[in-house]
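# Examining the three-dimensional arrangement
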Amino acid sequence: MVENTNIPLLGPAKNNATHRYISSFFLVGIPGLQDFHCWIGIPVCLLFALALLGNSVIIITIKLEPSLHQPMYFFLCMLAVNDMALASSTAPKMLGIFWMDAHWIDFDTCLTQLYFIHTFCIIESSLLVAMAFDRYVAICIPLRYTTILTTPMVIKMGPASMTRAILMVFPGPLLIKRLPYYTKYVINHAYCEHMAVVKLASANTLINRVYGISVALSVMVWDLGLIAASYTKILQAVFRLSSQNARSKALGTCAAHVCTILVSYTPALFSFLTHRIGKKVPPSIHIIFASLYLLVPPAVNPLVYGVKTKQIRDRVVGLFFPSKKISGN
């Protein structure tokens, strides 16, 4: 238990001399599993290391191999950079909690972590939409692929994804900053998550809750809708092909992207639903899935693209085993 006497406080609150603002929060980690934190830190560390190593290899591979200087691989490179940033915004603090009992986090630092986590998540979703559009153009209108997805156009999509995420997330910390925090300071989470922080406020949080669910729903509905529309068109085009070999080849180019979508959105949807309507779901299960949502995709995406994409697989093996030749599938 955390003693109230250890709560870091600021000066007297405005209009209330009996209260003081809380200047720090206490991150519990995974509620109910505190005795296993030391062991839980091991997979977290492995996922973090795998995310940094795997995505670095993807970026270096794409940079060194001229044949990979294509729109699809440029998007993959952007995704790799974002994945490393996303993992780096959460894993270090988690490991501090699990291995060093570093539970306390400064109020402003908490808001900063919250801001970056949600920003990188929205950028990730935007990049998955861009990659779905890339597959749509490549399969449905291949003759116009090079004229639509030019290098300048692809490069512009990166800053556009960042701008969208920044504008959508920026009001969040500002709306939290206006709230008074007097007595509640324990966050039952392994990192600073928007609703987990909002719930601790000593005031009406309707605006914050409406904002949070509006952003989450708009991103999921809009992005998943665009991805679904792209793949509906792709499937229609593929099944019009007369050759079974051509159909298999066309679908094969989408396999890695579909795997990435499933890995990214499945834990995200579960976390979103359990946080708002899953009252009977144990807090530990929710926290574990919320953490997996931030750590598993960055670690798994390089493996998926490395295994499913022959050009990347061959180049990576060539980097580490120059004398070994890889036969194509």
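Here the structure is a predicted model, which is why all the values come from computation and not from measurement.

Taking 1.5 Å as the rise per residue, helix H11 (residues 283-308) with 26 residues should run 38 Å; its terminal C-alpha atoms sit 36 Å apart, in good agreement. A bend of about 35° at valine 296 is the largest found in H11, and the proline proline 297 appears one to four places after it.

In this section: the sheet that holds strand S3 (residues 24-27). Pairing is mixed in the open sheet, where 3 strands are placed in the order S4-S3-S5. Each having just a single partner strand, strand S4 (104-106) and strand S5 (186-187) make up the two edges of the open sheet. Where S3 and S5 come together, 2 bridges link them in parallel fashion. Residue pairing for S5: leucine 27 is matched across the bridge by isoleucine 187.

Applying the stated criterion across every chain yields a total of 3 salt bridges. Note that lysine 177 is salt-bridged to aspartate 108, the shortest N-O span being 2.4 Å. You can see lysine 177 sitting in helix H6 (residues 171-177) and its partner aspartate 108 sitting in helix H3 (residues 107-140), a full 69 residues away along the chain. Assessed through its relative accessible area of 46%, lysine 177 is described here as partly exposed. Aspartate 134 is the partner of arginine 135 in a salt bridge, and the nearest nitrogen-oxygen pair spans 2.8 Å. Like aspartate 134, arginine 135 is buried.

A few words now on the state of the cysteines. The tally for this structure, following the rule as stated, stands at 1 disulfide. Between the sulfur atoms of cysteine 110 and its disulfide partner cysteine 192 the distance amounts to 2.0 Å. With the S-S dihedral at roughly -120°, the linkage between cysteine 110 and cysteine 192 falls on the left-handed side. Of this pair, cysteine 110 sits in helix H3 while cysteine 192 sits in the loop between S5 and helix H7 (194-198), placing them 82 residues apart in sequence. For cysteine 110, a relative accessible area of 0% translates into the label buried.

Viewed as axis vectors pointing N to C, helix H2 (residues 71-100) and H3 meet at an angle of 160°, and their least axial separation amounts to 9 Å. Looking at the two axes, H2 sits roughly antiparallel to H3. Here H2 and H3 pass one another in a crossing that is left-handed. Its residues assigned to classes, the contact of H2 with H3 shows 15 nonpolar, 4 polar and 5 charged.

By the definition in use, this model includes 8 aromatic pairs. Ring centres 5.5 Å apart and planes at 70° place the aromatic pair tyrosine 115 and phenylalanine 116 in the edge-to-face group. On the accessibility criterion, tyrosine 115 (16% relative accessible area) is buried. Summarising the aromatic geometry, the rings of phenylalanine 116 and phenylalanine 120 are spaced 5.8 Å apart at their centres and angled 20° between planes, so their arrangement reads as stacked. In this pair, phenylalanine 116 and phenylalanine 120 both sit in helix H3, 4 residues apart, roughly one turn of the helix. On the accessibility criterion, phenylalanine 120 (16% relative accessible area) is buried.

Here alanine 130 is to be found in helix H3. Distance from alanine 130 to valine 154, taken between C-alpha atoms, is 8.8 Å for residues 24 residues apart in sequence. Discounting chain neighbours no more than four positions away, the residues touching alanine 130 are Phe75 and Met157.

What follows is about unusual backbone geometry. Phi is positive for aspartate 101, close to 55°, though the residue is something other than glycine. On the secondary structure map, aspartate 101 appears in the loop between H2 and S4.

Attention now moves to the UniProt feature "transmembrane region" (unreviewed entry) in the protein chain. Using the residue numbers shown here, the UniProt feature "transmembrane region" (unreviewed entry) corresponds to residues 39-60, 72-91, 111-133, 154-176, 210-229, 250-273 and 285-305. For residues 154-176, helix accounts for 96% and strand for 0%, while the C-alpha atoms at its two ends are 35 Å apart. The straight-line gap between the two end C-alpha atoms of residues 210-229 is 27 Å; of that span, 100% is helix and 0% is strand.

This part is about helix H1 (residues 37-64). The terminal C-alpha atoms of H1, which comprises 28 residues, lie 40 Å apart, in line with the 40 Å expected from a rise of 1.5 Å per residue. Looking only at H1, the buried set comprises His37, Ile40, Gly41, Val44, Phe48, Ala51, Gly54, Asn55, Val57, Ile58, Thr61 and Ile62.

Calculation rules
- Residues numbered from 1 in each chain as written.
- Predicted model: local features only at pLDDT ≥ 70, side-chain atom pairs only at ≥ 80, totals over all residues.
- Heavy atoms only, no water.
- Helix = DSSP H or I, 4+ residues; strand = E, 2+ residues; numbered from the N terminus.
- Expected span 1.5 Å × (residues − 1).
- Bend = angle between axes of the 7 residues up to and from the residue.
- Pairing = 2+ DSSP bridges.
- Salt bridge = Lys/Arg side-chain N within 4 Å of Asp/Glu carboxyl O.
- Buried < 20%, exposed > 50% of the residue type's maximum accessible area, 1.4 Å probe, protein only.
- Disulfide = S-S within 2.5 Å.
- Axes fitted to C-alpha atoms, helices over the stretch in contact; angles between N-to-C directions.
- Parallel < 35°, antiparallel > 145°, perpendicular 65-115°, else oblique.
- Left-handed = near helix turned anticlockwise from the far one by under 90°.
- Nonpolar A, V, L, I, M, F, W, Y, C, P; charged D, E, K, R; others polar.
- Phe/Tyr/Trp six-rings, centres within 6.5 Å; stacked < 30°, edge-to-face > 60°.
- Contact = heavy atoms within 4.5 Å.
- UniProt positions renumbered as here; feature names shortened; annotations may be inferred.

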